[in-house]
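Spelled out, the chains give:
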Amino acid sequence: MQIGDRVRLMKGTEEGIVVKMLDKSLVEVEIEDGFAIPVLESELVVVSSDESTAFDMPKYESQKPNKQKTVYEQPNQLKGFHLAIIPLNDHLNSIYFLNPSKADILIMANEINGKNEEKTILSEKIFAEKFSKITERNMDHLITWAPLSFTILTENSKWSIPMRPEKITVKIKAKHFQKDKTDIPFLNKKGYLIPLNQSSKETIEPEKIDVEKLKDSFFKGKEETASYRSSEKSNTTIPEIDLHIETIDPYYENLPKEDILQIQLSKFEEKLNEAFMAGLDEIIFIHGVGNGVLRNNIHKQLSQHHNIQFFKDTHKEKFGYGATLVKIK
């Protein structure tokens with residue numbers, strides 16, 4: 001058995017191609033969609049080329065050497081850049097960037113955290129009418145999916161004034177999955193399409209924020225809102241954000257502890273950023289006592305934030321050390 005051999009799993013129906021020899025008895029096999037899995041040689045059988053000819057089987061080509069996959073003969077009706085989300089199973093999804101334009105582009109894809117810091121997860125060239133896989137994400141943790149930003153530069157093949165890089169930011173939400181799955185151009189699969197820009201615009205218009213509505217969202221009732229607005233510095237009513245997992249995700253019981261912590265921290269970062277945008281002076285986070293991990297993580301992030309004047313434990317008579325007051329600059 002050697003690299004390039006087409007093989008079939010003896011205990012299954014999957015077929016693929018050997019792309020790497022891991023050790024004396026273990027090889028890496030690339031199956032459909034470019035997934036590579038380690039398999040023992042003893043569990044594989046080489047598919048004869050005669051078998052492919054006899055049964056008129058399509059020739060398998062590895063996706064490993066070149067990420068730019070073959071364009072399927074399918075009408076391209078897309079206008080502007082798109083994301084495509086392809087479900088792999090009930091939980092895992094692949095996210096692709098589609099370039100339906102007639103120009104090659106250079107793209108940098110970043111994930112954005114709650115501090116508005118960006119981490120690059122992809123940087124490469126995508127040819128005209130091609131696509132590239134960005135990442136994979138678990139649908140069970142949709143609420144914690146980090147926003148994605150794409151910086152796009154169109155390549156020039158002639159002497160001309162270059163276009164400015166285009167930056168598009170998108171937050172994938174549950175609403176993007178409310179429509180039925182559709183045929184995805186280029187991928188020849190069904191999934192969900194998210195348009196990143198409109199054909200008549202160079203970039204997506206940023207969402208306009210209604211500051212007063214954002215402030216009101218921190219309070220439950222009209223009386224609390226009126227009380228907040230009647231006080232210049234909001235001394236009478238301070239918004240309280242409950243970070244207990246049962247108030248954030250009612251289906252938390254089967255989640256691992258590390259995922260629960262990440263969901264809570266994501267909600268903390270979301271509400272803290274909203275407080276900044278709303279111009280609030282103070283906000284209280286109710287994190288509970290527990291083993292102190294959530295409290296310690298929150299205090300660590302607050303201590304590193306330049307927009308925080310100070311923070312301290314609060315309402316000790318009610319929460320003990322389970323609540324933190326944050327004073328915003």
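Residues numbered from 1 in each chain as written. Predicted model: local features only at pLDDT ≥ 70, side-chain atom pairs only at ≥ 80, totals over all residues. Heavy atoms only, no water.

(A) Representation of the overall build of the protein in the model. From N to C terminus, the protein includes seven helices and 18 strands. Relative to its 329 residues, the protein shows a buried fraction of 39%. Sequence-distant contacts, at least 24 apart, represent 59% of the contacts inside the protein between residues at least 6 apart. Here the protein has roughly 20,300 Å² of accessible surface; of this, 50% comes from carbon and sulfur atoms. (Helix = DSSP H or I, 4+ residues; strand = E, 2+ residues; numbered from the N terminus. Buried < 20%, exposed > 50% of the residue type's maximum accessible area, 1.4 Å probe, protein only. Contact = heavy atoms within 4.5 Å. Areas by Shrake-Rupley, 256 points an atom, 1.4 Å probe, with all protein chains shown as cover.)

(B) Looking closely at the packing of helix 5 (residues 257–278) against helix 6 (residues 293–303). Where helix 5 meets helix 6, the axes come as close as 11 Å, and the angle between the chain directions of the two elements is 35°. As helix 5 runs across helix 6, the sense of the crossing is right-handed. Between helix 5 and helix 6, the contacting residues are Leu 261, Gln 264, Leu 265, Phe 268, Glu 269 and Leu 272 on the first element and Val 293, Leu 294, Asn 297, Ile 298, Gln 301 and Leu 302 on the second. The residue makeup of the contact of helix 5 with helix 6, split by class, is eight nonpolar, three polar and one charged. (Axes fitted to C-alpha atoms, helices over the stretch in contact; angles between N-to-C directions. Left-handed = near helix turned anticlockwise from the far one by under 90°. Nonpolar A, V, L, I, M, F, W, Y, C, P; charged D, E, K, R; others polar.)

(C) Structural context of the environment of Ile 283. Note that Ile 283 resides in strand 16 (residues 282–286). The buried category is assigned to Ile 283, whose relative accessible area is 0%. Between the C-alpha atom of Ile 283 and that of Pro 239, which follows or precedes it by 44 residues, the distance is 5.3 Å.

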